Amino acid sequence: MCGIIGYTGFSNATGILLKGLKSLEYRGYDSAGIAVHNENESKVLVTKCKGRVEALAQKCTDIKGNSGVGHTRWATHGEVSDCNSHPHKFGAVTLVHNGIIENYEAIRNQLGIEDKLKSQTDSEIVSALIDTYYAKSKSPEKAIIKAVKEIKGTYALGVMFDDIENTIFAVRNVSPIVCCQNENGSYIASDIVAIGEYSKDYFVLPELTIAKITGDKIEISDFSGNEVTPDYMKLDWDINDSGKKEFPFYMEKEIHEQPNVIEKTISFRIKDGLPDFGIDGVDDSIFTDCDSITVIACGTAMHSGLIGKHIIEKLCAVPVNVQMASEYMYNEPIINDKTLVICVSQSGETIDTLEALKYARKRGARSLSIVNVKGSTIARESENVIYTNAGPEIAVASTKAYTTQVAVFYLICAKMAYLRGRMSVDECREFINELKKVPLAVKEILEQSDKIHHLSNSLLTSEHTFMIGRGLDYPTLLEASLKLKEISYIHSEAFASGELKHGTIALITAKTPVIALLTQDKLMSKQISNIREVQSRGASVIKFIKKSLAKDTECDFELPDLKDDFMAIPSITAMQLLAYYVSSDKGLDVDKPRNLAKVVTVE
């Protein structure tokens, strides 16, 4: 959840660090700080404060030095305060930390330093532990390695020493660190977004190795001192695409990018009109040798799995379970070598999903991950990976990552149905042809965004909103409801319409806003009956209806016509816009909703 940036080279570090921290704001944070090695004083100077990076920048106008580390903190241990902000310094050691140290109290008691600590954090304990070993060995590598061997938990550490100029040391376990170089120096970060402008070539620091980073080289060795050569990757999107361009918020920009990224995700995975994962290196056996599928994910990614479940069970006749990653390991799941586990994560770093993946693999399950970030931890831990090609998603509320995940599930469904003989060649090509219409359907909705903006006005003063749908519309509304509450702070709940009479309808009173989604032909008459039920209790209903179904029904917004099974992506696009306009018209920070982080790296 926290963000790390580091630079050492031949320019003033302060500006580079502050710029990197701005790039990492989307991950969520409550405080920020930098540490820069000051050559005149021969020590590392720390500047930090609670609040936004802008507040930090005002305190950093006179800081000079050619190496440093920076950090955006999301509070886990200790309240939000200046002293709990990172970086932390103890003795000669200054560090930034992403992750969580489970045995920090035991280490603190072992060192007997409680009266010397300045913060309430687990991270300061790590700097104290490294300082203790450094005082004895005077070897930074030995001190760091000995310290992290005592640590239980997850960590990405950027470490500096007062008496070692222009050098940063980095080490990690689970939590990510990416590195790159150019003629101006060397860079590390928790996310390639922060340093991608400096080089297209980068690598993920291997776990349980230590990097010594100077301006002209990055040396990596394992904990036994053996040299390690990292695997370089190439950034395959333009860093300029990560800006807002003409849009006031990243979320609106990312909603409007969906036609392009959906088309990009599916187009090079279609060969001769059929789904093809050859470019991903995914063997057909993964789709034919399983008896069941378990989708493991959190939040929005889990909702994409619910769409996958709907279409795979219908067209492939393979049972699909969708599990919350945070609960998966603790529910004693049934797993064997005939289980295909599909993990879904935008960042590829979601800690609950990662741990669930490891758990499933240890018990014999085959694995496939759907992620957006190349080289991410989940991608590396999985046997097979399909990248969504959504490009950088900066807004905390996921939009284009979600729709590209759903697009991948459509491809998986078609591939599996074809391989298992549930679809003929012609039927599979017909399915793919319908999928190829989705980007145009999304574009059609975006062209009518003003109509959705108008509809959003009725929700601005609402405290509660309900959403109702049947069949495929229900999981779509689960995601729509999440979007509305996470960025507008309106309490919103989605329900399968048929369940209203089993208790929920008691909450419907006069003027209660209800959003109804109607895209499923076979369920249309039943959904109309459910709408009348809430209208008879005085509810104010906003109806989003597929064009071909809207002829004889009062409709507030007509959705483009696609076959029923393909309406999930156009429908959610309309709902994303609805949530966006409510939030922006309320004057909220759409991209950085309160209490939320983009990347969840602690359980």
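See above for the structure.
Here is a short report on the structure shown in this document. Being a predicted model, the structure only gives us computed values, none of them experimental. (Residues numbered from 1 in each chain as written. Predicted model: local features only at pLDDT ≥ 70, side-chain atom pairs only at ≥ 80, totals over all residues. Heavy atoms only, no water.)

**Notes on the overall build of the protein chain**
In terms of regular secondary structure, the protein chain is built from 19 helices and 26 strands. Summarising its shape, the C-alpha atoms of the protein chain cover approximately 80 × 55 × 45 Å along the three principal directions. With 603 residues in all, the protein chain has 62% of them scored as buried. Here the analysis covers contacts within the protein chain between residues at least 6 apart in sequence; of these, 73% occur between residues at least 24 apart. Accessible surface for the protein chain amounts to roughly 23000 Å². Of this, 46% is attributable to carbon and sulfur atoms. (Helix = DSSP H or I, 4+ residues; strand = E, 2+ residues; numbered from the N terminus. Buried < 20%, exposed > 50% of the residue type's maximum accessible area, 1.4 Å probe, protein only. Contact = heavy atoms within 4.5 Å. Areas by Shrake-Rupley, 256 points an atom, 1.4 Å probe, with all protein chains shown as cover.)

**A short note on the pairing of strand β18 (residues 320-324)**
As judged from the 5 bridges shared by strand β17 (residues 292-297) and β18, these two strands associate in the parallel manner. Bridge pairing in β18 places threonine 294 opposite asparagine 321. As for the winding sense of the linkage, the β-α-β connection from β17 through helix α9 (residues 299-316) to β18 is right-handed. (Pairing = 2+ DSSP bridges. Right-handed = clockwise from strand over helix to strand, strands pointing away.)

**What about the sheet that holds β18?**
An order of β18-β17-β19-β20-β21 is seen for the 5 strands of this open sheet, with the pairing classed as parallel. Each of the sheet's edge strands pairs with one partner strand only, and the pair in question is β18 and β21 (384-387). Strand after strand, the sheet turns through a mean of 20° between neighbouring axes, direction not considered. The sheet contact formed by strand β20 (residues 366-371) and β21 spans 4 bridges and is parallel. Looking at β21, one finds that valine 371 is bridged to tyrosine 387. Of the strands in this sheet, β17, β18 and β19 (339-345) are in contact with α9, which crosses β18 at around 170°. (Axes fitted to C-alpha atoms, helices over the stretch in contact; angles between N-to-C directions.)

**Thoughts on the side chain of serine 345**
In this structure, serine 345 sits in strand β19. Residue class for serine 345 comes out buried when judged on its relative accessible area of 2%. A polar contact is formed between the side chain of serine 345 and the backbone nitrogen of glycine 348, at a distance of 2.9 Å. The contacts of serine 345, once residues within four sequence positions are left out, are Ala301, Thr350, Ile370, Val371, Asn372, Ile378 and Gln405. (Polar contact = N/O pair within 3.5 Å; in protein donor to acceptor, adjacent residues only side chain to side chain.)

**Some words on unusual backbone geometry**
Note the cis peptide between histidine 86 and proline 87, where omega equals 0°. By the secondary structure assignment, proline 87 is in the loop between β4 (67-73) and β5 (88-90). Residue alanine 317 is not a glycine yet carries a positive backbone phi of 60°. If you trace the backbone, alanine 317 turns up in the loop between α9 and β18.

**Remarks on α9**
With 18 residues, α9 should cover 26 Å at 1.5 Å per step; its first-to-last C-alpha distance of 25 Å lies within 8% of that length. Residues Thr300, Ala301, Met302, His303, Ser304, Gly305, Ile307, Gly308, Ile311, Ile312, Leu315 and Cys316 constitute the buried set of α9. Directly beyond the C-terminal end of α9, a positive phi value near 60° is found at alanine 317. (Expected span 1.5 Å × (residues − 1).)

**Comments concerning the pattern of salt bridges**
This structure, assessed with the given rule, holds 23 salt bridges. Residue glutamate 219 is joined to lysine 217 by a salt bridge in which the shortest nitrogen-to-oxygen separation is 3.8 Å. Its relative accessible area of 37% is what places glutamate 219 among the partly exposed residues. The closest approach of N and O atoms between lysine 314 and aspartate 565, which form a salt bridge, is 3.0 Å. Residue lysine 314 is located in helix α9, and its partner aspartate 565 is located in the loop between β26 (557-559) and α19 (568-585); the two are separated by 251 residues in the primary sequence. By sharing partners, the salt bridges in this structure join Lys22, Glu25 and Glu54 into a single network. (Salt bridge = Lys/Arg side-chain N within 4 Å of Asp/Glu carboxyl O.)

**Notes on the sheet that holds strand β6 (residues 93-101)**
Taken in spatial order, the 6 strands of this open sheet run β5-β6-β7-β8-β12-β13, and their pairing is antiparallel. The sheet is open, and its two borders are formed by β5 and β13 (218-222), each paired with just one other strand. Averaged over all neighbouring strand pairs, the angle between strand axes comes to 25°, with direction disregarded. Pairing between strand β8 (residues 168-173) and strand β12 (residues 209-213): 4 bridges, direction antiparallel. Across the sheet, residue phenylalanine 169 finds its bridge partner in β12, namely lysine 212. Against the sheet, helix α4 (residues 122-137) contacts β5, β6 and β7 (153-161), and its axis sits at roughly 130° relative to β6.

**Concerning the pairing of strand β3 (residues 43-50)**
By the bridge criterion, 8 bridges tie strand β2 (residues 31-38) to β3 in an arrangement that is antiparallel. Across the sheet, isoleucine 34 pairs through a bridge with threonine 47, a residue of β3. Taking the residues that link successive antiparallel strands as the turn, the β2-β3 hairpin has 4 residues, and the phi of serine 42 there is positive, at about 55°.

**Digging into the packing of α4 against helix α5 (residues 140-150)**
Close contact between α4 and α5 brings their axes to 8 Å; oriented N to C, the two are set at 140°. In terms of orientation, α4 lies oblique with respect to α5. Between α4 and α5 the crossing geometry is right-handed. Taken together, the residues of α5 that come into contact with α4 (itself represented by Leu129, Ile130, Tyr133, Tyr134 and Ser137) are Pro140, Lys142, Ala143, Ile144, Lys146, Ala147 and Glu150. For the contact of α4 with α5, the per-class residue count stands at 8 nonpolar, 1 polar and 3 charged. (Parallel < 35°, antiparallel > 145°, perpendicular 65-115°, else oblique. Left-handed = near helix turned anticlockwise from the far one by under 90°. Nonpolar A, V, L, I, M, F, W, Y, C, P; charged D, E, K, R; others polar.)

This is a description of form; function is not addressed.
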